[in-house]
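Next come the chains, spelled out residue by residue.
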Amino acid sequence: MAVPGKVAAFRLPPLPTVGEIIKLFRLKAQKQLSQNFLLDLRLTDKIVRQAGELKNTHVCEVGPGPGGITRSILSAGVEELLLIEKDARFIPGLQMLSEAAPGKVCIVHGDILTYKMDKAFPKHLTKNWEDEPPDIHIIGNLPFSVSTPLIIKWLENVSKKDGPFIYGRTQMTLTFQKEVAERLTANPGAKQRSRLSIMSQHLCTVENCFVIPGQAFVPKPEVDVAVVHFTPLVQPKIQQPFELVEKVVQSVFQFRRKYCFRGIETLFPESGRLKRTEQLMMTANVDPTLRPFQLSMSHFRNLCNTYRKMCDEDPSLFVYNYREELRQKKKMRHYLKSTSQPEQTEEENGL
């Protein structure tokens, strides 16, 4: 009997287990889609707990598959659950869960990389960016092939306050390969420090929650998996456009084992490259003999701010592409080689 004045906790009715669903609908993980199923509901509950208090919130689950994490989210008492699943084979099993939780589940057969998240939730949930995060969460056991491009896309959305972040500082709880999770959370000096470290940490508080051993998944992946929680910051640590920060960071880590000036050089055309590189590093107060993974967030902030000023003075700098310059050089060398055959003598012509 429910306690007077309290809303009874939501409970799913008896259902086939996730393993039985897989057998019932003859589901097999597809290697080309990097699919791995998590059947242990104790682990799915643990993943969902990392998202925080979900009672009466709105949740979007990415790639629910056979619905293990979906069950844990529904059991947490959410107001509404949006499921975005690309693989049509999983839709019937998810519809079974939807029928077990009337009015709570919306299933979208689509690709999360192209789905318009800015219309995914009711407008009344929107909060000011400076306020506490809205009652909206994104949760997902991401396929390895999608995880990095997807988090980069969402970090760009955070920077521009659009997509799922049009509602405010929407929190995310996602799975990654353990190695990728270590890059996302790596500190200066750590060997795992990379482009992902800077791009994520300058926009979000990033927490590596716990590691799930590969053997917990079906089929077993060759690597372990980590659960990572993201909360967008009120103020980014580098207050420059996403594209500019990404260009600087990508350039720095282009030669991660060399001194950082080697990567920074690639921001500038060959003509005047050395002089401009020295100017940038001197103004930004960055030691050119540091390795990329040794640079702190303040180093990257100074580099981005100084590079922005240089681009304002010479707008052609920002559109300059080092790799394109290399391609054009290679093309020109090939052309010159093909047109520089020695001319034949009259005797050779006669022969």
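Small disclaimer: the values here were computed from a predicted structure and weren't measured. (Residues numbered from 1 in each chain as written. Predicted model: local features only at pLDDT ≥ 70, side-chain atom pairs only at ≥ 80, totals over all residues. Heavy atoms only, no water.)

Draft legend 1. Fine view of the overall build of the chain. Scanning the chain for helices and strands turns up 14 helices and nine strands. By residue count, 46% of the 351 residues in the chain fall in the buried class. Intrachain contacts of the chain at a sequence separation of at least 6 include 70% that bridge at least 24 residues. Total accessible area on the chain stands at roughly 18,900 Å², and carbon and sulfur atoms take up 51% of it. (Helix = DSSP H or I, 4+ residues; strand = E, 2+ residues; numbered from the N terminus. Buried < 20%, exposed > 50% of the residue type's maximum accessible area, 1.4 Å probe, protein only. Contact = heavy atoms within 4.5 Å. Areas by Shrake-Rupley, 256 points an atom, 1.4 Å probe, with all protein chains shown as cover.)

Draft legend 2. Representation of the pairing of strand 4 (residues 105-109) in the model. Inspection of the sheet shows strand 3 (residues 80-85) paired to strand 4 by five bridges, in the parallel sense. Within strand 4, the residue paired with L83 across the bridge is I107. Remark: the strand 3/helix 4 (residues 91-100)/strand 4 crossover connection has right-handed handedness. (Pairing = 2+ DSSP bridges. Right-handed = clockwise from strand over helix to strand, strands pointing away.)

Draft legend 3. Inspection of the environment of V59 at higher detail. Mapped onto the fold, V59 is located in strand 2 (residues 58-62). The spacing of V59 and L83 is 24 residues in sequence and 8.5 Å in space, taken between C-alpha atoms. With residues near it in sequence (within four places) discarded, V59 still touches L54, I73, V78, E80, L81, L82, F121, H137 and I139.

Draft legend 4. Quick peek at the UniProt feature "binding site: S-adenosyl-L-methionine" (unreviewed entry) in the chain. The feature "binding site: S-adenosyl-L-methionine" (unreviewed entry), as given by UniProt, occupies N36, L38, G63, E85, D111 and N141 in the numbering adopted here. Turning to its location among the elements, E85 is positioned in strand 3. Excluding anything up to four places from it in sequence, E85 contacts G63, P64, G65, F90, I91, L94, V108, H109 and G110. At a separation of 2.8 Å, a polar atom in the side chain of E85 contacts the main-chain amide nitrogen of G65. Among the structural elements, N141 can be located in the loop between strand 5 (136-140) and helix 5 (144-160). A polar side-chain atom of N141 sits 3.4 Å from the main-chain carbonyl oxygen of N36. (UniProt positions renumbered as here; feature names shortened; annotations may be inferred. Polar contact = N/O pair within 3.5 Å; in protein donor to acceptor, adjacent residues only side chain to side chain.)

Draft legend 5. Geometry of the sheet that holds strand 6 (residues 171-177). Ordered in space as 4-3-2-5-6-9-7, the seven strands form an open sheet in which the pairing is mixed. Edge positions in the sheet fall to strand 4 and strand 7 (204-212), since each has one partner strand and no second. Taken pair by pair, the neighbouring strands of this sheet meet at an average axis angle of 20°, ignoring direction. Bridge analysis of strand 2 against strand 5 gives five bridges, and the strand direction is parallel. Of the residues in strand 5, the one forming a bridge with H58 is I136. Its contacts with the sheet place helix 2 (residues 41-49) against strand 6, strand 7 and strand 9 (225-232), and it is angled at close to 165° to strand 7. (Axes fitted to C-alpha atoms, helices over the stretch in contact; angles between N-to-C directions.)

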